Each structure stands twice: as structure tokens, then as C-alpha cells.
Amino acid sequence: MHPELIIAEDYQDLSRKAALRVAEQIKKKPTTVLGLATGKTPLGLYRELIRLHQEEGLDFSRVKTFNLDEYYGISSEDKRSFHYYMWENLFKHLNIPRGNIHLPDGGAQDIEEECRRYEEAIREAGGIDLQVLGIGSNGHIGFNEPGTEWGSLTHLAQLTPETIKDNEEEGGEGIPGFALTMGIKTIMRANRILLLAYGESKANIIARALKGPVDKSVPASILQLHPGLVVIVDKEAAKFLGSLT
Ligand SMILES: N[C@@H]1[C@@H](O)[C@H](O)[C@@H](COP(=O)(O)O)O[C@@H]1O
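Note that the structure is predicted; figures quoted are calculated from it, not measured. (Residues numbered from 1 in each chain as written. Predicted model: local features only at pLDDT ≥ 70, side-chain atom pairs only at ≥ 80, totals over all residues. Heavy atoms only, no water.)

Engineer: What is the right way to look at the site of the ligand in this model?
Structural biologist: Around the ligand lies a shell of 13 residues, among which Lys40, Thr41, Asp69, Glu170 and Lys202 are the nearest. Within the side chain of Asn167, one N or O atom sits 3.3 Å away from an oxygen atom of the ligand. Within the complex, the protein chains bury 95% of what would otherwise be the 390 Å² of accessible surface of the ligand. The cavity where the ligand resides is the largest pocket. (Near = heavy atom within 4 Å. Polar contact = N/O pair within 3.5 Å; in protein donor to acceptor, adjacent residues only side chain to side chain. Areas by Shrake-Rupley, 256 points an atom, 1.4 Å probe, with all protein chains shown as cover. 1 Å grid on protein atoms, 1.4 Å probe; cavity = no way out; pocket = protein on both sides within 12 Å on 5 of 7 lines; lining within 4 Å. Sits in = over half its atoms within 2 Å of the grid points.)

Have a look at this one:
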């Protein structure tokens, strides 16, 4: 069946199952290139990866990472930044060399150059082996909002009021209205994609993304065309998936 769909009991189970997939990938290929996401959804996965590193010796010394996105116009030290989020919630707890960690630079002067540099860095690393993805309540992936071109590469994106509101609920007031994000094409180039979602609030958009038409109004719907898609959702987010299960 495509995609591979795993329905977890709850958030903890989802996080564990996702971490096992990531760990398997790293054990199989210690030089794995991971694509990483921010938001609430992957926090449990990151906690579990830290545990696997600390208690079971999962080795990140040769792993490379590329984050999906970063806010535009704030520095990497800013607590609202995804640099800060990633450092606090994952990187500082692992044995990953700083030089192996990549996020778009939201403080870059020359945006076009920064976007080109980011694409080139992914290419030079050999491409993304496994991309971790969440989904926005409007179906966005990374910060590719509804209407984004399927052929988009890393670019400056304007966030919708809905996305700003969602992210302010998590990250506090004053979220920038723009971000640098991998494009849809950048994401689709990954070898494998691990799409995660939990909770009732994601049930509707997950069903539209996986069962609805492939349409730019739901950016995540393009994932139906990815041959290496693995979806892990909890029971609540799976509520409307019906026949897919
Ligand atoms: N740019 C991120 C996305 O990568 C993320 O998937 C989405 C969902 O976030 P959450 O996991 O908090 O629901 O929010 C943000 O906008």
C-alpha cells in the first residue's frame, strides 16, 4: 500500500516509532543526511533521539542535517529563531559537529544568494536521505503555503495570517511575516519522507493531504506522489483516513 501508513496509539508512541525510523536510517548509513522540521510535532521525536544517543550510543558524529526553514529578518541567536529551537531541543544534546548542521540564514543580506547557497549545500552533501515533515493546519509543508509552485526551490515565503497565528501560539508574540524555506521541489527530492501529525486538530488536513486531489491549495497533497513516503499519525489525527487504513 502506498503510502506506508502507521497509526500510533498516542503521541509518545508516534515519537518512538518515528525515532526508530530515523535511528534505523542512521545505523544503515552513518553519514545520513537528515532533513529536519520545527514546530510542536517533532519535539517528542527529538527527545527520543536524544535518549537513543545518550543511553544506546546512537552516533551522530557523521550525520548531516538541513532544516526546512527559518524566519526572515531575525538573527540565529534570537529565541524565536529555528536555530535556537534546534539547538535547544536537539543539537546541543547530541555529538553532531557544528559544521554538519545547516539551516537557512534568516539574517542574510542577499536573500537570493542565500537560497542558492542552501540548495547547493544540500546538493553537495549528496541530497537528503530522510526528510522529517510536519504539516501546517492549512496543509503547508516547511513554509510552503497554499498556492506555492510545485517546482519551487529554497525561497523567501510570505506567511499567511493563519500560520502566523498558529506559530505565535507556540513561539510567543512577534513572529516575522516572512521566512526562508526549502521549496516543494527541494522537499520532494528527498529519498524518503517521514510525515508526522498528531491530535484531532490535524485530522481534517491529514485526510485532505493524503486522500484529496493533488492540488496546490493543499501543498502537502503533493506527497501522495512521493514513492518513499512514510506517514506516522496518532489515532486522533487518523480519524478521517478511513479507507487508507
Ligand atoms: N514551518 C513549520 C512547519 O514545518 C511545521 O510542520 C508546522 C506545523 O507545526 P506544529 O508541529 O507545531 O503543528 O508549523 C510550522 O509552520
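Moving on from the model shown.
Engineer: What am I meant to see in the sheet that holds strand S8 (residues 178-181) here?
Structural biologist: In a beta sheet, neighbouring strands pair by backbone hydrogen bonds and run either parallel or antiparallel. The 3 strands lie next to each other as S4-S8-S7, forming an open sheet whose pairing is antiparallel. Of all strands in the sheet, those bounded by a partner on one side alone are strand S4 (69-71) and strand S7 (155-158). Recorded for the sheet is a direction-independent mean angle of 30 degrees between the axes of neighbouring strands. (Pairing = 2+ DSSP bridges. Helix = DSSP H or I, 4+ residues; strand = E, 2+ residues; numbered from the N terminus. Axes fitted to C-alpha atoms, helices over the stretch in contact; angles between N-to-C directions.)

Engineer: Would you take a moment to explain the packing of aromatic side chains for this structure?
Structural biologist: Note on aromatic pairs: each is described by the distance of the centres and the angle between the planes. Across all of its chains, the model carries 5 aromatic pairs by this definition. Seen in terms of ring centroids, Tyr11 and Tyr198 are 4.3 Å apart; in terms of plane orientation they differ by 45 degrees. Their pairing is tilted. With Tyr11 in helix H1 (residues 11-28) and Tyr198 in the loop between strand S9 (192-197) and helix H7 (203-211), this residue pair connects regions lying 187 residues apart in the sequence. Take Tyr198: its relative accessible area is 23%, and that puts it in the partly exposed class. Seen from their ring centres, Phe66 and Tyr118 are 5.7 Å apart, and the 70 degrees between their planes marks the pair as edge-to-face. Placement of the pair is Phe66 in strand S3 (residues 64-67) and Tyr118 in helix H4 (residues 111-124), with a sequence separation of 52 residues. Per residue, the accessibility class of Phe66 equals that of Tyr118, and both read buried. Ring pairs connect the aromatic residues Tyr71, Phe82 and Phe143, which therefore count as one cluster. Above the face of the Trp87 ring, Arg98 is positioned so that its terminal group lies 4.4 Å from the ring centre. (Phe/Tyr/Trp six-rings, centres within 6.5 Å; stacked < 30°, edge-to-face > 60°. Buried < 20%, exposed > 50% of the residue type's maximum accessible area, 1.4 Å probe, protein only. Lys NZ or Arg CZ within 6 Å of the ring centre and 35° of its normal.)

Engineer: Explain the UniProt feature "active site" (unreviewed entry) in the chain here, please?
Structural biologist: Annotation from UniProt places "active site" (unreviewed entry) at Asp69, Asn138, His140 and Glu145. Those annotated residues that line the largest pocket are Asp69 and His140. Checked against the element boundaries, Asp69 lands in strand S4. In this structure, Asp69 is in contact with Thr38, Phe82, Leu103, Pro104, Gly142, Phe143, Leu180 and Thr181, ignoring residues within four places of it in sequence. Take Glu145: it is sitting in the loop between strand S6 (130-133) and S7. (UniProt positions renumbered as here; feature names shortened; annotations may be inferred. Contact = heavy atoms within 4.5 Å.)

Engineer: How do you make sense of the pairing of S9 when you look at a structure like this?
Structural biologist: Side-chain positions along a regular strand alternate between the two faces of the sheet. By the criterion of burial, S9 is predominantly enclosed, with 5 of the 6 residues buried. Bridge analysis of S9 against strand S10 (residues 229-234) gives 5 bridges, and the strand direction is parallel. Residue Leu195 lies in a different strand from S10, and its bridge partner there is Val231.

Engineer: I'm lost on the nonpolar core in this one. Help?
Structural biologist: Core analysis: the biggest nonpolar cluster contains 40 residues, and Val22, Leu45, Leu49 and Leu90 have the highest contact counts within it. When residues of this core are traced back to their parent elements, those giving at least two are strand S1 (4-8), H1, strand S2 (33-36), helix H2 (43-56), helix H3 (82-89), S6, S9 and S10. Among the elements that make up this core, the one with the highest residue count is H1 (6 residues). Those residues within four positions of Leu49 in sequence are excluded, and the remaining contacts are Ala19, Val22, Leu58, Phe60, Leu90 and Leu94. Among the nonpolar cores identified, the runner-up in size contains 35 residues, and Leu68, Leu133, Ala190 and Val231 belong to it. (Core = buried A, V, L, I, M, F, W, Y, C linked by side-chain atoms within 4.5 Å.)

Engineer: What's the story with H1 in this structure? I'm lost.
Structural biologist: One turn of an α-helix holds 3.6 residues; hence residues three or four places apart share an orientation. Under the 1.5 Å per step criterion, the end-to-end length of H1 is 26 Å for 18 residues, consistent within 8% with the ideal 26 Å. Considered for burial, the residues of H1 that qualify are Asp13, Leu14, Ser15, Ala18, Ala19, Arg21, Val22, Ala23, Gln25 and Ile26. Looking at the buried residues of H1, the elements they touch are S1, S2, H2, S6, S9 and S10. A distance of 3.3 Å separates the backbone nitrogen of Gln12 from a side-chain oxygen at the start of H1, and that oxygen is part of Asp10. (Expected span 1.5 Å × (residues − 1).)

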